[in-house]
Amino acid sequence: MITVKNLHKSFGNNDVLRGIDLEIEKGEKVVILGPSGCGKSTLLRCLNLLETPTTGHIYFGNDEITYYKKLNKVQKTMLNIKLTLLNRTVKKIKLKPEKLEVVNKKIEHITEKLEFDSTLEKREKPNVNKIRQNMGMVFQSFNLFPNMTIRKNITFAPVKLKLMTEEQANKKAEELLGRIGLLNKIDEYPNSLSGGQKQRVAIVRALAMNPQVMLFDEPTSALDPEMVGEVLNLMKELADTGMTMVVVTHEMGFAREVATRVLFIDEGVIKEDAPPEEFFDNPKDPRLKDFLSKVLK
């Protein structure tokens, strides 16, 4: 369902993702673990193009969803000139270690960009909004519209995108809220809900689009401990329906119980990818062993 090939993402000189290769099959529940700042959320945001990858390819089914505009002659010339000047600087001037590291990073990024550009072929730009309709996204901070009722939060996108009539969207909203026991809140505003209720509504809002994949970016990290369970229970119920799920989380129990695969990302690369039993009981990567020894105390 999702294929990622040699994905890189940099913010300035900060390389957050450094060559991610990943395949996710229909119906899989993939949980992504790793220390803070390792690139977990960035990877998730790249999957539905909330972040634009620096280089690399992402496919949804057989269709590539990443798009890069080929460099024109002027752009290539300017980059090559800059590359030449940076290489001369390294050879002729004795730089302090920290300055040398910055210059070498720039050389690496320009070289990577030129090499990647040479592999690109001209093609039509994909419809990003249509792609996102197939990928529901749930954020750690809920992102509900505070000036809309719960009903409007759920029905707004399907009606706006003409995926449903208002009547159909309302029926869907009532059905989904009924399933999570919040139908009585349908005409209230988000500020009247607890954190756990807001996150369950956020999940329902994503489900109202009938997505093929659900992406969860640390959905319980902003919740009080007593509210975490109600959100995780809803996610477990969703997993039982066969929904394809990619979940960034720190909830180890959820990963053990629900995941079909668990990934460990560190320093922008996948260091381990295994079924939960093997991942937790027989980790192979030394960094993962160290990570688990601290989080499973």
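Refer to the structure printed above.
Residues numbered from 1 in each chain as written. Predicted model: local features only at pLDDT ≥ 70, side-chain atom pairs only at ≥ 80, totals over all residues. Heavy atoms only, no water.

*Asks:* What exactly am I supposed to notice about helix α11 (residues 286-295) here?
*Replies:* Residues spaced three or four apart along an α-helix point in a common direction, a consequence of the helix completing one turn every 3.6 residues. Three or more residues of α11 are buried, namely L288, F291 and L292. Projected down its long axis, α11 carries its buried residues within an arc of 95°, all on one side. Every exposed residue of α11 that faces more than 90 degrees away from the buried side is listed here: P286 and K294. (Buried < 20%, exposed > 50% of the residue type's maximum accessible area, 1.4 Å probe, protein only. Helix = DSSP H or I, 4+ residues; strand = E, 2+ residues; numbered from the N terminus. Arc of directions from axis to C-beta.)

*Asks:* Teacher, can you tell me more about the sheet that holds strand β4 (residues 55-60) here?
*Replies:* Within a beta sheet, neighbouring strands are joined by backbone hydrogen bonds and run either parallel or antiparallel to one another. Judged by pairing direction, the sheet is antiparallel, and its four strands sit side by side in the order β2-β1-β4-β5 without closing on themselves. Every other strand in the sheet has two partners, leaving β2 (14-24) and β5 (63-64) as the edge strands with one partner each. Inspection of the sheet shows strand β1 (residues 2-11) paired to β2 by eight bridges, in the antiparallel sense. Bridging across to β2, L7 finds its partner in I20. Sheet contacts for helix α3 (residues 97-117): β1, β2 and β4; angle to β4, the most-contacted strand, approximately 50°. (Pairing = 2+ DSSP bridges. Contact = heavy atoms within 4.5 Å. Axes fitted to C-alpha atoms, helices over the stretch in contact; angles between N-to-C directions.)

*Asks:* I'm lost on the packing of helix α2 (residues 73-92) against α3 in this one. Help?
*Replies:* Remark: α2 packs on α3, axes separated minimally by 10 Å, with the N-to-C direction vectors making an angle of 150°. Taken as axis vectors, α2 and α3 run roughly antiparallel relative to one another. Note on packing geometry: the crossing formed by α2 with α3 is left-handed. Residues K76, L79, N80, K82, L83, L86, N87 and V90 of α2 touch α3, and the partners they reach there are L100, V103, N104, K106, I107, I110, T111, K113, L114 and D117. (Parallel < 35°, antiparallel > 145°, perpendicular 65-115°, else oblique. Left-handed = near helix turned anticlockwise from the far one by under 90°.)

*Asks:* Mind showing me how you'd approach the packing of aromatic side chains here?
*Replies:* To describe a pair of aromatic rings, you give the distance between the ring centres and the angle between the ring planes. Tallied over the entire structure, the rule returns four aromatic pairs. Each ring, one from F264 and one from F291, has its centre 5.1 Å from the other, and the planes form 45°; the classification is tilted. In this pair, F264 is assigned in strand β9 (residues 261-266) and F291 in helix α11, connecting sequence segments 27 residues apart. Note on accessibility: F264 and F291 belong to one class, buried. The aromatic ring of F11 is capped on one face by K9, whose charged end is 4.8 Å from the ring centroid. (Phe/Tyr/Trp six-rings, centres within 6.5 Å; stacked < 30°, edge-to-face > 60°. Lys NZ or Arg CZ within 6 Å of the ring centre and 35° of its normal.)

*Asks:* I'm lost on unusual backbone geometry in this one. Help?
*Replies:* Outside of glycine, negative phi angles account for most residues, and trans bonds account for most peptide bonds. We note that E218 has phi near 45°; this positive angle belongs to a residue other than glycine. Positive phi values are uncommon outside glycine, yet E267 reaches one of about 55°. Along the chain, the position of E267 falls in the loop between β9 and β10 (269-274).

*Asks:* So what exactly am I meant to see when it comes to the nonpolar core here?
*Replies:* It is characteristic of soluble globular proteins that their nonpolar side chains tend to be buried jointly. I203, M214, F216, M235, M245 and F279 are the most contacted members of the largest nonpolar core, which has 48 residues in total. If one sorts the elements of this core by residue count, helix α8 (residues 225-240) sits on top with eight residues. By size, the runner-up hydrophobic cluster in this structure holds 28 residues, among which are I20, L22, I131 and V246. (Core = buried A, V, L, I, M, F, W, Y, C linked by side-chain atoms within 4.5 Å.)

*Asks:* Can you walk me through the pattern of salt bridges in this structure?
*Replies:* Two side chains carrying opposite charge are able to pair once their charged atoms lie near each other. By the definition in use, this model includes 19 salt bridges. With its nearest N and O atoms 4.0 Å apart, the salt bridge here joins K185 to E188. Classification of K185 by relative accessible area gives buried; the value is 18%. Since its relative accessible area comes to 29%, E188 is described here as partly exposed. Between D290 and K294 there is a salt bridge, and its shortest N-O distance comes to 3.2 Å. Note that D290 and K294 are positioned in helix α11 at a spacing of four residues, about one turn of the helix. The class for D290 is partly exposed, based on a relative accessible area of 30%. For K294, a relative accessible area of 53% puts it in the exposed group. A cluster of three or more residues bridged by salt bridges with shared partners is formed by D266, E267, K271, R287, D290 and K294. (Salt bridge = Lys/Arg side-chain N within 4 Å of Asp/Glu carboxyl O.)

*Asks:* Teacher, can you tell me more about the side chain of Q197 here?
*Replies:* Within the secondary structure layout, Q197 lies in helix α7 (residues 195-207). Taking relative accessible area as the criterion, Q197 reaches 17% and is therefore assigned buried. Setting aside chain neighbours within four positions, we find Q197 in contact with L182, K185 and E230.

Shape descriptors only; they carry no functional weight alone.
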